[in-house]
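Geometric and topological summary
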Amino acid sequence: MLKPFPQPYYITQPLLPDINKTSEMIKMIWESKQLSNNGDMVKQLESELSDFLQADFLSVFSNGTVALQLACRVLRLSGEVITTPFTFAATVHSLEWNNIRPVFCDIEEDTFNINPDLIESLITRHTTAIMPVHVFGNPCDVGRIQQIADRYGLRVLYDAAHAFGVKVRDQAIASFGDISMFSFHATKIFHTIEGGALTFKDKYYKERADSLRNFGIGDSDNVMEPGTNGKLNEVQAAVGILLLPEVENEIARRKAITGLYRQWLEDVPGIAASRDIDGVTHNYPYFVVRVDEKEYGSSRDELYERLKGFNIITRKYFYPLCSDFQCYKYLPSSSRQHLPAANRVADTVLALPLHGRMLDSDVEKICAIIKSLHGG
Ligand code: T4K
C-alpha cells in the first residue's frame with residue numbers, strides 16, 4: 001500500500017545559492033552602500049546574462065511582468081496583438097495594461113505553442129505585433145513566425161519566461177524576434193527571487209527600456225516619457241550572480257528526472273508525457289502530462305485531487321485559459337469554437353513536481369502512485 005508523502009510535495013522548490021557565499025555578497029553590498037539604481041551587481045549580472053543567453057543587448061527588471069509591459073512600450077505596440085490563450089495571466093495582462101487588445105490564436109496540440117498556420121487569418125489593419133510564448137520552454141516555430149511578421153510589417157515580442165538556456169539548432173532562443181522576455185521568479189530554473197530580463201536586437205531598444213524602468217529619466221535635467229519603477233536591486237542581482245554557474249547542473253538533473261518520469265509512466269494507459277523536439281536543446285522547466293479520461297479511468301481534475309490525497313501538489317498549468325478569464329472572455333477571439341486545441345489541452349494537462357533536488361526514489365513513488373490510480 002503506497003503511503004502519502006509525509007510533507008506536501010510541491011511542483012517545484014527554488015534553487016538556493018550557498019548561504020555563506022550569499023552572506024559574503026551581501027557584506028560587499030553593505031560595504032558599498034549601493035543597494036539599488038543600477039549598481040555594480042546589476043551591471044555584472046547583465047553582462048554575465050548577455051553572455052549566457054547570447055543576447056546582443058540585455059536589461060534586467062524587478063520581475064518578468066513589468067519587463068513585458070515595458071517591452072510593449074519600447075516597441076510602441078498599439079491596436080491589436082496576436083497572442084496565445086495557453087499561458088500565464090501575465091502575458092495577456094501586459095497587453096491590456098498598455099491598452100492593447102489581445103487577439104487569441106489557437107495552439108498546436110503537440111508543442112502547446114501558438115499555431116503559425118492560424119496567425120495570418122487574424123491579422124487586421126490594427127495588428128501591430130505577434131506575441132508568442134515558448135510554453136514550458138518548447139520553442140515556437142520561430143522561422144514561420146518571423147516570415148509572417150516580415151510579410152505584414154509586424155513586431156515579434158517573445159514571452160520566453162520559461163525558456164532560459166533553450167537553443168534551436170544551436171541558436172540561442174534570445175536571438176529570435178525583436179525582444180524576448182525571461183522571468184527570474186523563484187519558481188524558475190534561474191532566478192533572482194523576483195526578477196526578469198529583456199533581450200534586444202537593437203541597442204536603441206535597450207536604451208529606451210533602461211530609461212523606462214527608471215521612471216523615464218533621460219539625464220539629470222530631463223524626463224523623457226512616463227516610465228515606471230522596474231529596477232532590480234543589488235541583493236537580488238547578487239543571488240542571480242551566485243546561481244548562474246549552477247544552472248547547467250540544474251538543467252542536467254532535471255533532464256535526468258524527466259527521463260525517469262517518461263520511462264516509469266510509459267506503460268500507464270491514458271497518461272501521455274511531453275516529448276523532446278528534434279534539434280532543440282531543452283531546459284526542462286516543467287514536467288507536463290496529458291490525461292485521457294477514457295483510457296486512464298479518471299479525469300485530470302480527479303487525478304489532481306487524488307494526488308493531493310498523497311500530498312503531491314500538482315498544478316493545472318495553464319487552466320483556465322486566459323481567454324476564459326472574466327476580463328477577457330468578452331473578446332470575439334475568446335470563443336471556445338475559435339480555440340478548440342487550446343481548450344482540449346487546458347482541460348487535460350497536469351504539471352507534476354520537477355526540480356533539481358528531487359530524489360530518484362521520489363519520482364519512482366509519484367509514478368507508482370499515478371499507476372496505482374489507473375482505472376479510477
Ligand atoms: N509569462 C509566463 C509564460 C509566465 O509563466 C510568467 C510567470 C510570467 C510571464 C511572468 O513572470 P514574473 O512576473 O512572475 O517574473 C508562478 C510564478 O509566480 C510565476 O512566475 C510563473 N510564471 C507561474 C507559471 O507560476 P504560481 O502562483 O503558480 O506559483 P506558486 O506560488 O503557487 O508556486 C508554485 C510552487 O512553488 C509552490 O506550491 C511552492 C513552490 N515555491 C514557490 C515559491 C514562490 C517555493 O517552494 N518557494 C517559493 O518561494 O505562479
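Quick note: structure is the one above.
Source: prediction; values computed, not measured. (Residues numbered from 1 in each chain as written. Predicted model: local features only at pLDDT ≥ 70, side-chain atom pairs only at ≥ 80, totals over all residues. Heavy atoms only, no water.)

**As for the pairing of strand S5 (residues 155–159)**
- For S5, a buried count of four out of five residues is recorded, marking the element as mostly surrounded by other parts of the structure.
- Pairing of strand S4 (residues 127–131) with S5, which is carried by two bridges, proceeds in the parallel orientation. Looking across to S5, one finds that Ala 129 is bridged to Arg 155.
- In this sheet, strand S8 (residues 179–183) lies alongside S5 in parallel orientation, the contact comprising three bridges. Residue pairing in the sheet places Asp 159 in a bridge with Met 181 of S8. (Buried < 20%, exposed > 50% of the residue type's maximum accessible area, 1.4 Å probe, protein only. Helix = DSSP H or I, 4+ residues; strand = E, 2+ residues; numbered from the N terminus. Pairing = 2+ DSSP bridges.)

**Brief notes about the state of the cysteines**
- Inspection of every chain in the model, using the stated rule, returns zero disulfides.
- Free cysteine: Cys 327, not disulfide-bonded; nearest cysteine sulfur from Cys 322 at 8.4 Å. (Disulfide = S-S within 2.5 Å.)

**Observations regarding the site of the ligand**
- Taken together, 24 residues surround the ligand, and among them Thr 65, Asp 159, Ser 183, Arg 315 and Tyr 317 come closest.
- One of the side-chain N or O atoms of Asp 159 is found 2.7 Å from a nitrogen atom in the ligand.
- Alone, the ligand offers 930 Å² of accessible surface; in the complex the protein occludes 76% of this.
- Where the shell around the ligand is concerned, the elements lending two or more residues are helix H3 (64–74), helix H4 (89–96) and S8. (Near = heavy atom within 4 Å. Polar contact = N/O pair within 3.5 Å; in protein donor to acceptor, adjacent residues only side chain to side chain. Areas by Shrake-Rupley, 256 points an atom, 1.4 Å probe, with all protein chains shown as cover.)

**Concerning the packing of aromatic side chains**
- This structure, assessed with the given rule, holds 19 aromatic pairs.
- Between Phe 86 and Phe 136, the ring centres sit 6.0 Å apart and the planes meet at 90°, which makes this aromatic pair edge-to-face. Here Phe 136 lies in the loop between S4 and helix H6 (142–152) and Phe 86 lies in the loop between strand S2 (80–83) and H4, a separation of 50 residues in the sequence. Each member of the pair Phe 86 and Phe 136 is classed as buried.
- Centroid distance Phe 112 to Phe 136: 5.9 Å. Interplanar angle 85°. Geometry classified as edge-to-face. In this pair, Phe 112 is assigned in the loop between strand S3 (101–104) and helix H5 (116–119) and Phe 136 in the loop between S4 and H6, connecting sequence segments 24 residues apart. Grouping residues by exposure puts Phe 112 and Phe 136 together as buried.
- By way of ring pairs, the aromatic residues Phe 86, Phe 88, Phe 112, Phe 136, Tyr 286, Tyr 317 and Phe 318 are connected into one cluster.
- Between the NZ or CZ atom of Arg 213 and the centre of the ring of Phe 61, over which it lies, the distance is 5.8 Å.
- Lying across the ring of Phe 5, Lys 365 places its NZ or CZ 4.5 Å from the centre. (Phe/Tyr/Trp six-rings, centres within 6.5 Å; stacked < 30°, edge-to-face > 60°. Lys NZ or Arg CZ within 6 Å of the ring centre and 35° of its normal.)

**Some thoughts on the sheet that holds strand S14 (residues 287–291)**
- Across the sheet, three strands lie side by side as S12-S14-S15; this open sheet has antiparallel pairing. Each of the sheet's edge strands pairs with one partner strand only, and the pair in question is strand S12 (271–273) and strand S15 (349–352). On average, adjacent strands in this sheet sit at an angle of 35° to one another, irrespective of strand direction.
- Strand direction decides the pairing type here: S12 and S14, joined by three bridges, are antiparallel. Residue pairing across strands places Ala 273 opposite Val 289, the latter belonging to S14.
- Contacts from helix H11 (residues 300–309) reach S12, S14 and S15 within the one sheet, and its direction differs from that of S15 by about 25°. (Axes fitted to C-alpha atoms, helices over the stretch in contact; angles between N-to-C directions. Contact = heavy atoms within 4.5 Å.)

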